[in-house]
There are 4 protein chains.
Amino acid sequence: MASDTLCPPVAAMADVQNRTDNRNIHIDKVGVKDIRYPITVRAKDREDRRTVASVNMYVDLPHHYKGTHMSRFIEVLSAHRDSISPQSIPAILSDMKERLNAASAHLELSFPYFIEKKAPVSGAVSLMEYNCTLCGQQNGGGADLTVSVTVPITTLCPCSKEISRFGAHNQRGLVTVVVRYNKFFWMEDLIRLVETSCSAEVFSLLKRADEKFVTEAAYENPMFVEDVVREVAVKLLADDTYAWFSIAAENFESIHNHSAYAYLEHTR
Amino acid sequence: MASDTLCPPVAAMADVQNRTDNRNIHIDKVGVKDIRYPITVRAKDREDRRTVASVNMYVDLPHHYKGTHMSRFIEVLSAHRDSISPQSIPAILSDMKERLNAASAHLELSFPYFIEKKAPVSGAVSLMEYNCTLCGQQNGGGADLTVSVTVPITTLCPCSKEISRFGAHNQRGLVTVVVRYNKFFWMEDLIRLVETSCSAEVFSLLKRADEKFVTEAAYENPMFVEDVVREVAVKLLADDTYAWFSIAAENFESIHNHSAYAYLEHTR
Amino acid sequence: MASDTLCPPVAAMADVQNRTDNRNIHIDKVGVKDIRYPITVRAKDREDRRTVASVNMYVDLPHHYKGTHMSRFIEVLSAHRDSISPQSIPAILSDMKERLNAASAHLELSFPYFIEKKAPVSGAVSLMEYNCTLCGQQNGGGADLTVSVTVPITTLCPCSKEISRFGAHNQRGLVTVVVRYNKFFWMEDLIRLVETSCSAEVFSLLKRADEKFVTEAAYENPMFVEDVVREVAVKLLADDTYAWFSIAAENFESIHNHSAYAYLEHTR
Amino acid sequence: MASDTLCPPVAAMADVQNRTDNRNIHIDKVGVKDIRYPITVRAKDREDRRTVASVNMYVDLPHHYKGTHMSRFIEVLSAHRDSISPQSIPAILSDMKERLNAASAHLELSFPYFIEKKAPVSGAVSLMEYNCTLCGQQNGGGADLTVSVTVPITTLCPCSKEISRFGAHNQRGLVTVVVRYNKFFWMEDLIRLVETSCSAEVFSLLKRADEKFVTEAAYENPMFVEDVVREVAVKLLADDTYAWFSIAAENFESIHNHSAYAYLEHTR
């Protein structure tokens, strides 16, 4: 790297990307993918969370341009990284459109999000990880925004419980809910909605009295993946915050080497 | 596992899944996810390829049923695993609907597919891996089928070449093409279409004369990700086999720690 | 790729790798990593399995050589891919040493391996996937060979069972056993040894009578990860086939968002 | 989860883990694996970095104990998460041994670490991600500590450059250095040592003048993976901070669908 290259002035360089393309093909999305960046996310408890996001940023490219200017995406990301929330996405999309001189912009931010959780009996405190994704797309008019949370849960099989003389197979599962929304809400509340719609909650730290509690709770609340998506759907339908939603539940079956899966989506 | 459990006759067991659910919520997809299974794929050279697929199989679940019967998916998969091709998907979907007593069926089969390739100068022969996905969905009427191929390529940056006194950054990229089609085609031909639309092809085995060839070929054919998706689009548009397509190109940039990305889709 | 490059004769090209390096630093391993290749593995039932391997191949590089010749690894792999077994590894290592003119060779082949399995009550047949790794290293003398199998299992928590009024949390786990061996053995037998050392076996396909069986079997055989590694160890110690072994058990805990883990190794 | 379970007092519960095991098998490592936790890492610029770690924590288990107490690992992790550095590892290991009543303790903390970096010509500032791992093991005596950094780099192939009329294939690579050390050092300095031992550095943000610079720098500094590990070794050997080291370099070859790899280790 001991290069002694003398760079000519930037102004003298060709701008290859700005050249004309004559294949007459519009590109829907052009940009940077899978960049990891530290961000600060606004939390319900007013203590901002610092975390690390995987980020995709795209704009459209009209048919007469040869290429986009990739470095500008990183400049926009750097400028906004200190205050990320569903509410800040439209401003980032607008900046992308302006800086890239584009008609549409698309943004995806996925990150682990930690929430303090108390064990159900002992009250022992630890942090639980949830994966969240903020996604926005802006064309001419307003932005289309979605928020997604992925929540670990326990499910206990109703069939296994009923047909067996004792016990019932149970396992960790993951529920991913994606919502479009009419008004403000906290990701924390959406996560709680899911955690109260399964056989038992998952924790990072359980003492013995807690383990007894969650074991018995799961046994008393047997649920298929089908039950989980329906239970979450019933609660989302009862809250007019959510204009559209999809719910996916995946069980890492303890008796199989594959997952059980259920999915539904609904437009209010 | 030395269990001496005496199982009651199967007929006596409750069929929990068949029970009525009264939450009035239809589920779009229920089934098995991420099961891995050995399959045999029909190849253009008439020598069938044995490979290993990751499989997702879903049906819908009407609102009045509590659950689906997961084991039947595996039975359908086992019955069909010996001859997989885009042409065999409709029969698998029909079997899924019949066995699961469902109105719709959804199937995804993803697998590595190996094709013998000759190095461009030495003619040295080796096998190249391409990831392929066959996907089908069947509701009341005919099946909606897509075929997807993911093809490794080399891209060389036109901007870097033009502004630099010598050299140009280049890198491995991946192009994923998904198509809906009006008539029969071979995945091998779709893969070749992509491999001839980039700065240079990728090989498993290159002797020195070949390395010289691909290095110079790439330098003479600089292409952005934007150029790659357009070049592939031009060729797909010229062939009326394809009723719809999407093209995604991703560059694992050699000068950055993230990818450059371009995407477009088109309905004929 | 429409390159009209005229390649000079190969003989005229510089062999940069063969040049002298004067930094006086010997390199332990040089080669190709993460290449995927179709292979045929010799199976106990005499029906060879075709599968797809992830392969690493390395040789040492004496301090006075600048580089190795990467293409030769692929040539050796291509020559041997049709008959892979623990017994064939020494011949591949010898070929690597000879073709690369090296004092030592190192090879790792990891692949999914499918075995037909009958459900415990219904006898329904399906295929189970196990990940296997063959590893060999050869210096001056004989080869150091290891075989590794990764086996999915069910574990049911003894603590949860004892302290709870009903039920017990259980989950899928993975046991990885690596062995050095004194004499021939089948991977199938090592896999069975692990499958009979857990709370219950895992299957791809279970009918209801089978689900009752494995649920009750797990409840009657509660085991911690600690119990699993000890149970496997007791059996391996009783068989003088194995000169050295390591055992790792990982539980994807149904009540936690992380794994429980136990590991031991033993030289006879 | 609307469980009305009345938990008996904790004191009344059986402590299954504390029971005697009579299989006479000592377990080397027992604990929690793949837990993700937010941590704060001490940085050279005195501004602590908040990031998210993947954590493994194990102790040994003497042959006469049946199991370990998994929840205590999380309690230790929670207590220490606010100030992580190579210097803090021994205290965490001691806490693990004490809380778990164990003779040995083992800890692995892996996390993305971001450092501000200036583009070489424009001076444009952005953040680069490096993966770091702190690892410690403590038996009777002192702790065995290692620090590992994984650094993205650019390599340009010397062979391709020499045999081709123009251009040279180049690609992103990853260099992982693991060190045992005699005295204090900053991870930032070890990362810089690697970044100055390759064909060109990798950046998150490059303007056109920078792209010209790194393109030309790479072309002027062709290096095989073999050269990279030797160059890093020469520098580590010149600094008596490092008592032992291993160096692995992996190139995501732009002309192949697999990696080129080199590895060496050295004890001073």
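In what follows, the structure referred to is the one given above.
Quick caveat, the model's predicted, so the values are computed rather than measured.

The rules we used
- The residue numbering used here restarts from 1 in each chain and proceeds along that chain's sequence as written.
- Following the order in which they are written, the chains are lettered starting with A and the ligands numbered starting with 1.
- The model is predicted, so local features are restricted to residues of pLDDT at least 70 and side-chain atom pairs to those at 80 or more, both for listing and for counting; the totals for chains, interfaces and linings are taken over all residues.
- Based on all heavy atoms of the structure, the side-chain values leave hydrogens and waters out of the count.
- Strands are runs of DSSP state E lasting at least 2 residues, helices are runs of H or I lasting at least 4, and numbering of each runs from the N terminus.
- Think of it in three bands: with a 1.4 Å probe and only protein chains considered, a residue is buried below 20% of the maximum accessible area for its type, exposed above 50%, and partly exposed in between.
- We count Lys and Arg on the positive side and Asp and Glu on the negative side, and we leave His and both chain ends out.
- Any Lys or Arg side-chain nitrogen found within 4 Å of a carboxyl oxygen on Asp or Glu counts as a salt bridge.
- Working rule for contacts: check all heavy atoms of both residues, and any pair within 4.5 Å makes them a contact.
- Two cysteine sulfur atoms make up a disulfide if the distance between them is within 2.5 Å.
- The copies were overlaid with a least-squares fit restricted to C-alpha atoms from residues scoring a pLDDT of at least 70 in each copy.
- Given the number of residues in a helix, its expected span is that number minus one, multiplied by 1.5 Å.
- Directions pointing from the helix axis toward each C-beta atom define the arc.
- As used here, buried area is the combined drop in accessible area, with a 1.4 Å probe, of two parts when they are placed together.

### Side note on the side chain of Lys97 of chain B
Residue and element names in this part refer to chain B. Summarising the element assignment, Lys97 is placed in helix H2 (residues 89-100). Although Lys97 lies buried, it forms no salt bridge, and the closest oppositely charged side chain, Asp60, sits 8.1 Å away as judged by the N-O distance. Beyond its immediate stretch of four places on either side in the chain, Lys97 contacts Ala102, Ala103, Ser104, Ala105, Gln138, Asn139 and Gly140.

### Let's talk about the state of the cysteines
The full count for this structure, using the stated rule, is zero disulfides over all chains. Cys135 of chain A carries a free sulfur, and the closest cysteine sulfur to it, the one in Cys132 of chain A, is 13 Å from it. Cys198 of chain D takes part in no disulfide bond, and the closest cysteine sulfur to it belongs to Cys157 of chain D, at a distance of 15 Å.

### Thoughts on the relation of the copies chain C and chain D
Between chain C and chain D, which share one sequence, the superposing operator has a rotation angle of 180° and an axial displacement of 0.0 Å; the RMSD is 0.0 Å. Put plainly, the chains are arranged around a two-fold axis. An overlap of 98% is found between the interface residues of chain C and their copies at the interface of chain D, pointing to a shared contact surface.

### A few points about helix H2 (residues 89-100) of chain C
All names here are of chain C. For H2, built from twelve residues, the straight-helix expectation of 16 Å at 1.5 Å per residue is met to within 8% by its first-to-last C-alpha distance of 16 Å. Among the residues making up H2, those that are buried are Ile89, Ile92, Leu93, Met96, Lys97 and Leu100. Buried residues of H2, seen end-on, are gathered within an arc of 135° and therefore sit on one face of the element.

### So, the interface of chain C and chain D
If you look at the interface, chain C gives 55 residues, while chain D gives 54 residues. In this assembly, chain C packs against chain D so that about 4,300 Å² is buried in total across both faces, 57% of it on carbon and sulfur atoms. Run the count over chain C and chain D and you get twelve salt bridges. Two residues, Arg23 of chain D and Asp227 of chain C, come together in a salt bridge whose shortest N-O distance is 2.6 Å.

### Quick look at the pattern of salt bridges
With the rule as written, the count across this model stands at 89 salt bridges over all chains. When the shortest N-O distance is used, the salt bridge between Asp34 of chain C and Lys33 of chain C registers 3.3 Å. Of the residues examined, Asp34 of chain C reaches a relative accessible area of 39% and is grouped as partly exposed. If you follow the salt bridges from partner to partner, you end up with Asp21, Arg23 and Lys66 of chain A together with Asp227, Arg230 and Glu231 of chain B in one network.

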